[in-house]
Amino acid sequence: MLTWLSLLFLALFSGAAFMLGKRRAVKTAGGAPRVLHSLPGYYGSYAALWAGAPAALLLLLGTTFGGRVEDAMLQAQRPAVVQSLDVDRQDVFFSDAQAIAQGIAPSEVTYEGELKAALDVKVAEARRIENLVRFSVLGLSGVLALSGFLLAFPRLSADFRARNRVEGWVGGLLMASSIAAVLTTLGIVLSLVWESWRFFQSISPIDFLFGTVWNPQIAMRADQVAAEGAFGAVPLFAGTFLIMLIAMAVAAPVGLYSAIYLSEYANRPVRSVIKPLLEVLAGVPTVVYGFFAALTVGPLFRAGFNALGATMVGGPLDGVGQYLMEVQNQMALVAGVVMGIMLIPFVSSLSDDIINAVPQSLRDGSYAMGATKSETVKKVVLPAALPGIMAAMLLAVSRAVGETMIVTMAAGLQAKLTVNPLDTVTTVTVQIVTLLTGDQEFDSPKTLSAFGLGLTLFVVTLGLNIIALRIVQKYREQYD
Amino acid sequence: MNLNPFALPLVQGHAMTTASPDDSVAAPSIQAAAPQVYAAASTNEIKIHAKDVNVFYGDKQALFDVNIDIPGKSVTAFIGPSGCGKSTFLRCINRMNDTIPTAKVTGVIDIDGSDVNAKSVDPVILRSRVGMVFQKPNPFPKTIFENVAYGPRIHGLATGKAELEAIVESSLKKAGLWNEVADRLHQPGTGLSGGQQQRLVIARAIAVGPEVILMDEPCSALDPIATARIEELIDELRNQFCIVIVTHSMAQAARVSQKTAFFHLGKLVESGSTEDMFTNPRDTRTQDYITGRFG
């Protein structure tokens with residue numbers, strides 16, 4: 001609350017600095033603004049930035065890291081009676097002291113005697129520290145704001161290059177934004193690597209990458225029967241790629257053909273109806289596709305295969321018939337087909353944009369040679385659009401590999417190493433979901449294996465992207 | 001009489017009307033590029049007949065009753081200010097206006113006596129007889145070889161690889177590009193310079209063996225040196241093809257063409273031998289345009 005108030009105050013101060021800076025610039029110009037190097041607004045912005053930005057940054061840092069500083073200061077001295085406690089209990093002690101100081105409900109632990117006395121001392125100390133940190137942050141940002149303004153204001157003269165300075169600030173802001181994006185990604189990757197490293201300390205990477213049995217059950221207690229878990233990720237990746245292949249077998253041709261129809265053959269009214277419809281379809285949440293797969297497509301496919309099997313039983317294909325009779329609702333085919341349907345609008349919309357971007361002059365050139373529409377599409381338009389279409393397909397592949405809801409509902413949970421599309425398979429994403437939902441211990445290999453899976457998936461998709469980029473570069477047919 | 005400085009080279013080339021003493025300083029390459037212009041045009045049969053051609057884009061009429069005869073084996077230039085309909089008329093000749101859904105063409109355009117707009121005419125076959133070169137070089141994003149081989153392939157003109165290679169080579173030679181690209185036929189056509197790209201596109205059009213080549217401002221995106229090369233090329237090709245060129249440059253029309261047609265506001269104002277047009281225009285609008293008073 002106090003932080004918000006002080007931010008508001010800072011904004012007002014900064015606004016005042018803007019007005020003052022602008023007025024000073026106009027005044028120095030002596031009623032002829034053209035002698036100024038920059039527009040008066042830039043002078044105002046320069047003063048406002050120096051008055052506002054450093055102080056705001058300090059306030060932000062204060063709110064983000066103030067708590068940690070307080071903790072560290074509070075815990076710097078641990079009374080002997082506290083030190084005699086377990087490490088876990090010590091943490092509870094200090095967090096309770098903080099909580100009481102801030103008027104929040106503490107834990108249910110009761111403190112008595114010496115410990116109670118120590119707690120009271122620490123509560124008082126916590127209050128003192130909190131005030132100290134808070135007011136030193138506030139005071140310091142006040143000083144920063146004022147000195148920033150006092151530093152900037154006298155520099156404002158007619159030939160001061162205010163525009164260049166302000167643009168420098170803006171450039172810095174833009175750079176900081178892009179660095180933030182890169183750093184966040186880097187942080188995610190590093191945390192993935194770190195947690196995976198912890199996982200690979202208990203499970204050998206060779207067993208993980210090449211093991212063919214996935215059964216992540218670890219005994220919670222020493223006397224439990226559930227024995228050793230098995231962490232062979234091969235069945236999961238096999239399932240992931242089987243479903244991805246089925247999905248792409250549906251999405252790639254249908255999406256591409258519909259894009260060709262839309263961009264080359266459809267007339268304007270048809271296009272103006274179909275294109276927005278496809279884009280709406282691309283916005284359907286995947287969970288909807290998921291229950292569509294589980295409740296509609298799954299039973300439909302099962303009924304179809306069972307009926308087909310019934311006609312074969314007793315004939316020369318008796319074995320196949322018997323198998324088809326036993327097909328269940330959950331199978332790779334259902335998940336793959338529904339995922340493919342989900343990807344159609346995605347592929348089609350992207351490819352349509354790419355095909356439309358092929359310059360009309362190339363089509364004209366081809367028509368002027370006496371090429372038919374189909375020849376023009378096959379031999380000029382599609383080759384020109386190929387790199388873009390490849391990129392669209394790859395985006396679709398990475399969506400298929402990362403897709404979770406549909407496979408969770410329609411593919412099954414059993415990790416089987418199979419290429420049979422009628423069998424249940426499970427995918428990397430499904431396993432990550434099941435590993436991390438519900439109450440979990442965050443130190444067991446079972447939970448940590450999610451990071452191992454995540455890292456491997458990341459490496460695999462990265463590799464796919466690199467290979468695809470190479471292909472695109474090799475077959476690139478450039479146009480300007 | 002010397003109405004237009006642009007017309008000088010032509011006038012000088014034939015010394016028929018006026019030849020002031022300082023004419024000899026005019027660009028010599030142009031003189032070489034336009035020999036015996038008028039004589040060539042006069043001995044030619046009419047290749048394309050246009051009668052009462054009207055073109056509409058939706059409700060807007062773009063061309064009004066155009067009547068013109070275009071001789072074979074010579075260069076005919078269409079000149080006129082922007083939006084005057086010269087490109088529109090050009091695109092009627094190979095029915096490129098078909099690709100614009102709202103375009104409607106009436107009247108008769110016949111090539112060697114057969115109407116291009118007749119129901120029985122397949123635009124695909126028509127366009128293999130009437131090639132076209134566009135304003136901006138538009139080589140396909142393929143190799144130089146594949147660009148030239150494109151037409152022969154889709155029309156099945158070559159029965160084997162050797163024959164295809166022969167067609168590509170002779171087309172590139174006719175387009176004056178062979179010596180520059182012979183050692184890099186399998187590199188992308190888009191890697192060539194603008195002028196080379198335009199000659200590649202001309203080679204691509206020639207490879208199909210057309211009778212007529214339409215050129216829609218073929219030099220407007222090129223620098224003066226590349227332009228001069230294309231103009232020389234047009235002059236060489238005139239012996240084998242009926243060439244129709246749309247140009248904004250009156251100097252270019254004067255240099256390369258034997259017949260000129262002046263379009264204004266969708267109407268064909270005047271057409272005749274290039275020489276007459278530039279030295280002795282009948283219509284005041286033509287005179288105003290070629291003397292640079294508007295346009």
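The structure this text deals with has already been given above.
A brief look at the structure comes next. (Residues numbered from 1 in each chain as written. Chains lettered and ligands numbered in written order. Predicted model: local features only at pLDDT ≥ 70, side-chain atom pairs only at ≥ 80, totals over all residues. Heavy atoms only, no water.)

**Overview of the side chain of Arg127(B)**
Okay, so step 1: Within the secondary structure, Arg127(B) is located in helix α5 (residues 123-129).
Okay, so step 2: Of the side chains with opposite charge, Asp98(B) lies nearest to the buried Arg127(B), which makes no salt bridge, at 4.3 Å.
Okay, so step 3: Within the structure, Arg127(B) has its side chain in polar contact with the backbone oxygen of Arg95(B) (distance 2.8 Å).
Okay, so step 4: For Arg127(B), the residues in contact, after removing those within four places along its chain, are Tyr367(A), Ala368(A), Met369(A), Gly370(A), Asn94(B), Arg95(B), Met96(B) and Asp98(B). (Helix = DSSP H or I, 4+ residues; strand = E, 2+ residues; numbered from the N terminus. Buried < 20%, exposed > 50% of the residue type's maximum accessible area, 1.4 Å probe, protein only. Lys, Arg positive; Asp, Glu negative; His and termini not counted. Salt bridge = Lys/Arg side-chain N within 4 Å of Asp/Glu carboxyl O. Polar contact = N/O pair within 3.5 Å; in protein donor to acceptor, adjacent residues only side chain to side chain. Contact = heavy atoms within 4.5 Å.)

**Describing the packing of helix α9 (residues 194-206) of chain B against helix α10 (residues 224-237) of chain B**
Residues and elements named next belong to chain B.
Okay, so step 1: Packing of α9 against α10 brings their axes to within 9 Å, and their N-to-C directions diverge by 20 degrees. Taken together, the axes of α9 and α10 are roughly parallel relative to one another. In terms of crossing hand, the pair formed by α9 and α10 is right-handed. Contacts between α9 and α10 involve Gly195, Gln198, Arg199, Ile202 and Ile206 from the first element and Ala226, Arg229, Ile230, Leu233 and Leu237 from the second.
Okay, so step 2: A class-by-class count of the residues in the contact of α9 with α10 yields six nonpolar, two polar and two charged. (Axes fitted to C-alpha atoms, helices over the stretch in contact; angles between N-to-C directions. Parallel < 35°, antiparallel > 145°, perpendicular 65-115°, else oblique. Left-handed = near helix turned anticlockwise from the far one by under 90°. Nonpolar A, V, L, I, M, F, W, Y, C, P; charged D, E, K, R; others polar.)

**Some thoughts on a nonpolar patch on the surface**
Okay, so step 1: A contiguous nonpolar surface patch, about 670 Å² in accessible area, is contributed by Met1(A), Leu2(A), Leu5(A), Leu8(A), Leu12(A) and Phe135(A).
Okay, so step 2: Tracing the backbone through its elements, the reader meets Leu2(A) in helix α1 (residues 2-29). (Patch = residues over 30% accessible without salt bridge, like charges linked within 9 Å, V, L, I, M, F, W, Y side chains within 5 Å. Areas by Shrake-Rupley, 256 points an atom, 1.4 Å probe, with all protein chains shown as cover.)

**Observations concerning the packing of aromatic side chains**
Residues and elements named next belong to chain A.
Okay, so step 1: Inspection of the entire model under this criterion finds 18 aromatic pairs over all chains.
Okay, so step 2: Site record: aromatic cluster; members linked through ring pairs are Phe199, Phe200, Phe208, Trp214 and Phe231.
Okay, so step 3: Here Arg24 stacks its cationic end above the ring of Phe153, 5.0 Å away from the centre of that ring. (Phe/Tyr/Trp six-rings, centres within 6.5 Å; stacked < 30°, edge-to-face > 60°. Lys NZ or Arg CZ within 6 Å of the ring centre and 35° of its normal.)

**Details of the interface of chain A and chain B**
Okay, so step 1: Contacts between the two partners involve 21 residues from chain A and, on the opposite side, 25 residues from chain B.
Okay, so step 2: Overall, the association of chain A and chain B removes approximately 1700 Å² of surface from exposure, summing both partners, and the carbon and sulfur fraction of that is 62%.
Okay, so step 3: On the chain A side of the interface with chain B, the three residues burying the most area are Ala368(A), Met369(A) and Lys379(A), jointly 35% of the side's total.
Okay, so step 4: Counting across the interface, chain A meets chain B through zero salt bridges. (Buried area = accessible area lost by both parts, 1.4 Å probe.)

**A word on the layout of surface pockets**
Okay, so step 1: A volume near 820 Å³ is recorded for the largest pocket.
Okay, so step 2: The set of elements that each furnish at least two residues to the lining of the largest pocket consists of α8 (234-265), α9 (268-282) and α13 (360-368) of chain A together with α5 of chain B.
Okay, so step 3: A class-by-class count of the residues in the lining of the largest pocket yields nine nonpolar, seven polar and nine charged.
Okay, so step 4: By volume, the second largest pocket is sized at about 270 Å³.
Okay, so step 5: Lining of the second largest pocket is provided by 14 residues; of these, Thr3(A), Gly62(A), Thr63(A), Glu70(A) and Arg134(A) occupy positions nearest its centre.
Okay, so step 6: The set of elements that each furnish at least two residues to the lining of the second largest pocket consists of α1, α2 (40-75) and α5 (113-152) of chain A.
Okay, so step 7: Class assignment for the residues of the lining of the second largest pocket results in six nonpolar, five polar and three charged. (1 Å grid on protein atoms, 1.4 Å probe; cavity = no way out; pocket = protein on both sides within 12 Å on 5 of 7 lines; lining within 4 Å. Points joined across faces, edges and corners; volume = space filled by probe spheres on them.)

**Here we look at the side chain of Asn138(B)**
Okay, so step 1: As for its position among the elements, Asn138(B) is in the loop between β6 (130-133) and α6 (144-154).
Okay, so step 2: In this structure the side chain of Asn138(B) is engaged in a polar contact, spanning 2.6 Å, whose partner is the backbone oxygen of Ser361(A).
Okay, so step 3: Beyond its immediate sequence surroundings of up to four residues, Asn138(B) is in contact with Ser361(A), Leu362(A), Gly365(A), Val201(B) and Arg204(B).

**Comments concerning the pattern of salt bridges**
All names here are of chain A.
Okay, so step 1: Throughout the structure, instances matching the rule amount to 24 salt bridges over all chains.
Okay, so step 2: The salt bridge partner of Arg271 is Asp352, with a shortest N-O separation of 3.2 Å. Of the two residues, Arg271 is situated in helix α9 and Asp352 in helix α12 (residues 332-356); the sequence distance between them amounts to 81 residues.
Okay, so step 3: A residue is classified by how much of its surface remains accessible, and Arg271, at 24% relative accessible area, is partly exposed.
Okay, so step 4: Three or more residues joined by partner-sharing salt bridges are found here, namely Arg271, Lys275, Glu279, Asp352 and Asp353.

**With respect to unusual backbone geometry**
All names here are of chain B.
Okay, so step 1: Non-glycine residue Asp65 carries a positive phi angle of around 45 degrees.
Okay, so step 2: For Asp65, the location among the structural elements is in strand β2 (residues 60-71).
Okay, so step 3: By relative accessible area, which is 46% here, Asp65 ends up partly exposed.
Okay, so step 4: Backbone geometry places Glu217, a non-glycine residue, at a positive phi of 45 degrees.
Okay, so step 5: The residue Glu217 is located in the loop between β7 (212-216) and α10 in this model.
Okay, so step 6: A relative accessible area of 10% places Glu217 in the buried class.

**Some details on the packing of α12(A) against helix α14 (residues 373-402) of chain A**
Residues and elements named next belong to chain A.
Okay, so step 1: Their axes nearest at 9 Å, the elements α12 and α14 cross at an angle of 150 degrees. Considering the angle they form, α12 stands roughly antiparallel to α14. Two packed elements cross with a definite hand, and for α12 against α14 that hand is right-handed. Contact with α12, carried on its side by Met339, Met342, Leu343, Phe346, Val347, Leu350, Ser351, Ile354 and Ile355, involves Val381, Leu382, Ala385, Gly388, Ile389, Ala392, Met393, Leu395, Ala396, Arg399 and Ala400 of α14 and no other residues of that element.

**Some details on the nonpolar core**
Across soluble globular proteins, nonpolar side chains have a tendency to be buried as a group.
Okay, so step 1: If you look at the biggest cluster of nonpolar residues, it comprises 74 residues, and the most contacted ones within it are Phe208(A), Ile243(A), Met248(A), Met339(A), Leu343(A), Ile406(A) and Leu453(A).
Okay, so step 2: Of all the elements in the fold, those that place two or more residues in this core are α8, α10 (286-312), α12, α14, α15 (405-410), α16 (428-436) and α17 (445-475) of chain A together with α6 of chain B.
Okay, so step 3: It is α12(A) that provides the largest number of residues to this core, a total of 14 residues.
Okay, so step 4: Setting aside residues up to four positions removed in sequence, Met248(A) forms contacts with Pro253(A), Leu343(A), Met393(A), Ala396(A) and Val397(A).
Okay, so step 5: One finds Val133(B), Leu192(B), Met250(B) and Phe278(B) within the second-largest nonpolar core, a separate group that totals 46 residues. (Core = buried A, V, L, I, M, F, W, Y, C linked by side-chain atoms within 4.5 Å.)

**Quick word on the pairing of strand β3 (residues 75-79) of chain B**
All names here are of chain B.
Okay, so step 1: Most of β3 sits out of view: five of its five residues are buried.
Okay, so step 2: A two-sided burial pattern is seen for β3, the buried positions comprising Val75, Ala77 and Ile79 on one face and Thr76 and Phe78 on the other.
Okay, so step 3: Summarising the sheet, β3 and strand β8 (residues 242-246) pair through four bridges and their orientation is parallel. Directly across from Thr76, in β8, lies its bridge partner Val244.
Okay, so step 4: As paired elements, β3 and strand β9 (residues 259-264) share four bridges and run parallel to each other. Paired with Ala77 across the two strands is Thr260, which belongs to β9. (Pairing = 2+ DSSP bridges.)

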